[in-house]
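Commentary on secondary and tertiary structure
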Amino acid sequence: MNFTLNDGNNIPAVGFGVFMIPNDGPTYTATLEALKAGYRHIDTAAAYMNESDVGKAVRDSGLKREEVFITSKLWLQDYGYDNAVKGIDTSLRNLGTEYIDMYLLHQPYGDVAGAWKALEDAKAQGKIKSIGVSNMTPKIWNEFVPKFKTLPAVNQVECNPFFQQKKLRAVLDPLNVRLEAWYPLGHGNNDLLTSPAITAPAQKYGKNAGQVILRFEVQEGFIVLPKSTNPERIKGNLNIFDFSLTDDEMNAIRALDTGKGSHDPEATGVGETLLKNYKIHD
Ligand code: A2P
């Protein structure tokens, strides 16, 4: 299943995330497995340091390049216009591909405006098809995006039934900007997975808790990026299109929202800490 973005491009609703999977083998194997299982959307980032394995797996999969949607992200070290131009070219080289389907500003700190301008120019040159942002709260969005020439196609943020991003959606929805959910399963939070609002429909439809959560999110219009290292669950997390939740079931899950997540992009010093902890080059 695909969603159409505000720039007219299509994006598969479920993507396979490769955060924290090592390069030089494990990411290659996991991506190849995911493509075999039917995933057509892979979500990587320069900072994950595994773009080359993703690119190699896509090339070796037997699929045509245009059959797979690849997302990558610019890291904070490469913000500012000139650095971003180089960062985009490095991602293209590491992925070994002529174009990237979606490229995001990974974090909203530093010279965001300059970095965004480089993404706009790369899009105009055909190096990137769609451009977006990540980890922008309503406050951060309002600080930067009204000054952008191009509206982001997506904002990739933490989102799950315990943290439904209602305030952010009130900003994004009127602009037709899609929300992409990272940690869509609450990062395996057991309270979430065992909540009756989730387990009751799971039992009714013969699905597991994760599948019900992902189905809820896709029905809400979110692009989801579930992570799993378990081959059965990797396959199962894509198998969410043969049932749908009723209005009552949707409302019961909507009621689980606590309004809080694990990551606060507005906390003091987040940008500096990230930059210190993730160095992708000298
Ligand atoms: P595992 O790798 O053993 O499948 P998130 O995507 O929100 O970060 O959540 C990832 C966590 O959720 C992992 O611990 C993963 O464990 C677990 N998980 C993935 N798919 C499912 C599922 N369908 N049901 C329950 N837990 C899942």
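Residues numbered from 1 in each chain as written. Predicted model: local features only at pLDDT ≥ 70, side-chain atom pairs only at ≥ 80, totals over all residues. Heavy atoms only, no water.

**Notes on the nonpolar core**
- Ranked by size, the top nonpolar core spans 86 residues in total, and within it Leu105 and Leu119 carry the most contacts.
- The contact partners of Leu105, leaving out residues within four places of it in the chain, are Leu74, Tyr79, Val112, Ala115, Trp116, Leu119, Gly132, Val133 and Ser134. (Core = buried A, V, L, I, M, F, W, Y, C linked by side-chain atoms within 4.5 Å. Buried < 20%, exposed > 50% of the residue type's maximum accessible area, 1.4 Å probe, protein only. Contact = heavy atoms within 4.5 Å.)

**Examining the site of the ligand**
- In the region of the ligand, 16 residues are neighbours, and Leu185, His187, Ser228, Thr229 and Arg233 sit closest.
- Gly186 is positioned such that a nitrogen or oxygen atom in its backbone is 3.4 Å from an oxygen atom of the ligand.
- For the ligand, an oxygen atom lies 2.5 Å from a polar atom in the side chain of Ser228.
- Across the complex, the protein chains shield 81% of the 570 Å² of accessible surface that the ligand would expose by itself.
- Comparing atom positions with the cavity grids shows the ligand to sit within the largest pocket.
- Each residue belonging to the shell around the ligand can be placed in one class, and the counts come to five nonpolar, nine polar and two charged. (Near = heavy atom within 4 Å. Polar contact = N/O pair within 3.5 Å; in protein donor to acceptor, adjacent residues only side chain to side chain. Areas by Shrake-Rupley, 256 points an atom, 1.4 Å probe, with all protein chains shown as cover. 1 Å grid on protein atoms, 1.4 Å probe; cavity = no way out; pocket = protein on both sides within 12 Å on 5 of 7 lines; lining within 4 Å. Sits in = over half its atoms within 2 Å of the grid points. Nonpolar A, V, L, I, M, F, W, Y, C, P; charged D, E, K, R; others polar.)

**Focus on the sheet that holds strand E3 (residues 16-17)**
- Sheet architecture is open: eight strands sit in the order E3-E4-E5-E6-E7-E8-E9-E10, paired in parallel fashion. One side of each edge strand has no neighbouring strand; the edge strands of this open sheet are E3 and strand E10 (223-224).
- The sheet contacts of helix H4 (residues 112-124) involve strand E5 (69-74), strand E6 (100-105) and strand E7 (128-134), and relative to E7 the element is tilted by about 160°. (Pairing = 2+ DSSP bridges. Helix = DSSP H or I, 4+ residues; strand = E, 2+ residues; numbered from the N terminus. Axes fitted to C-alpha atoms, helices over the stretch in contact; angles between N-to-C directions.)

**Concerning the pairing of E7**
- The element E7 is extensively covered by neighbouring structure, given that six of its seven residues are classed as buried.
- The pairing of E6 with E7 spans five bridges and is classified as parallel. Note that in E7 the partner of Leu105 across the bridge is Val133.
- For the segment spanning E6, H4 and E7, crossover handedness is right-handed. (Right-handed = clockwise from strand over helix to strand, strands pointing away.)

**Considering the packing of aromatic side chains**
- Per the stated rule, a full pass over the model turns up six aromatic pairs.
- Here the aromatic rings of Phe19 and Tyr48 are separated by 5.1 Å at their centres, their planes lie at 45°, and the arrangement is tilted. Here the residue Phe19 occupies a position in the loop between E3 and helix H1 (26-37), and Tyr48 occupies one in the loop between strand E4 (41-43) and helix H2 (51-60), the gap between them amounting to 29 residues.
- By relative accessible area, which is 15% here, Tyr48 ends up buried.
- Cation over ring: Lys129 sits above Tyr99, and NZ or CZ is 4.5 Å from the ring centre.
- In this structure, Arg178 packs its charged tip against the face of Phe3, placed 4.0 Å from the ring centre. (Phe/Tyr/Trp six-rings, centres within 6.5 Å; stacked < 30°, edge-to-face > 60°. Lys NZ or Arg CZ within 6 Å of the ring centre and 35° of its normal.)

**Side note on the pattern of salt bridges**
- On inspection of all chains with the given rule, the structure shows nine salt bridges.
- Note that Glu220 and Arg254 form a salt bridge whose closest N and O atoms lie 2.9 Å from each other. Here Glu220 is found in the loop between helix H9 (209-219) and E10, whereas its partner Arg254 is found in helix H11 (residues 247-254), with 34 residues between them in sequence.
- Each of Arg169, Glu220 and Arg254 takes part in a single network of salt bridges with overlapping partners. (Salt bridge = Lys/Arg side-chain N within 4 Å of Asp/Glu carboxyl O.)

**Let's talk about the pairing of E6**
- Along E6, six of the six residues are buried, which leaves the element largely enclosed by surrounding structure.
- Sheet topology places E5 next to E6; four bridges connect them, and they run parallel. By the bridge assignment, Ser72 is partnered in E6 with Tyr103.
- Viewed along the sheet, the connection from E5 through helix H3 (residues 81-95) into E6 turns out right-handed.

**Here's the deal with unusual backbone geometry**
- Despite not being glycine, Gln165 shows a phi value in the positive range, around 55°.
- Of note, Gln165 is situated in the loop between strand E8 (154-158) and helix H6 (166-172).
- Relative accessible area serves as the criterion here: at 12%, Gln165 is assigned to the buried category.
- A positive phi angle, near 60°, is found at His187, a position not held by glycine.
- Within the fold, His187 resides in the loop between strand E9 (178-182) and helix H7 (190-193).

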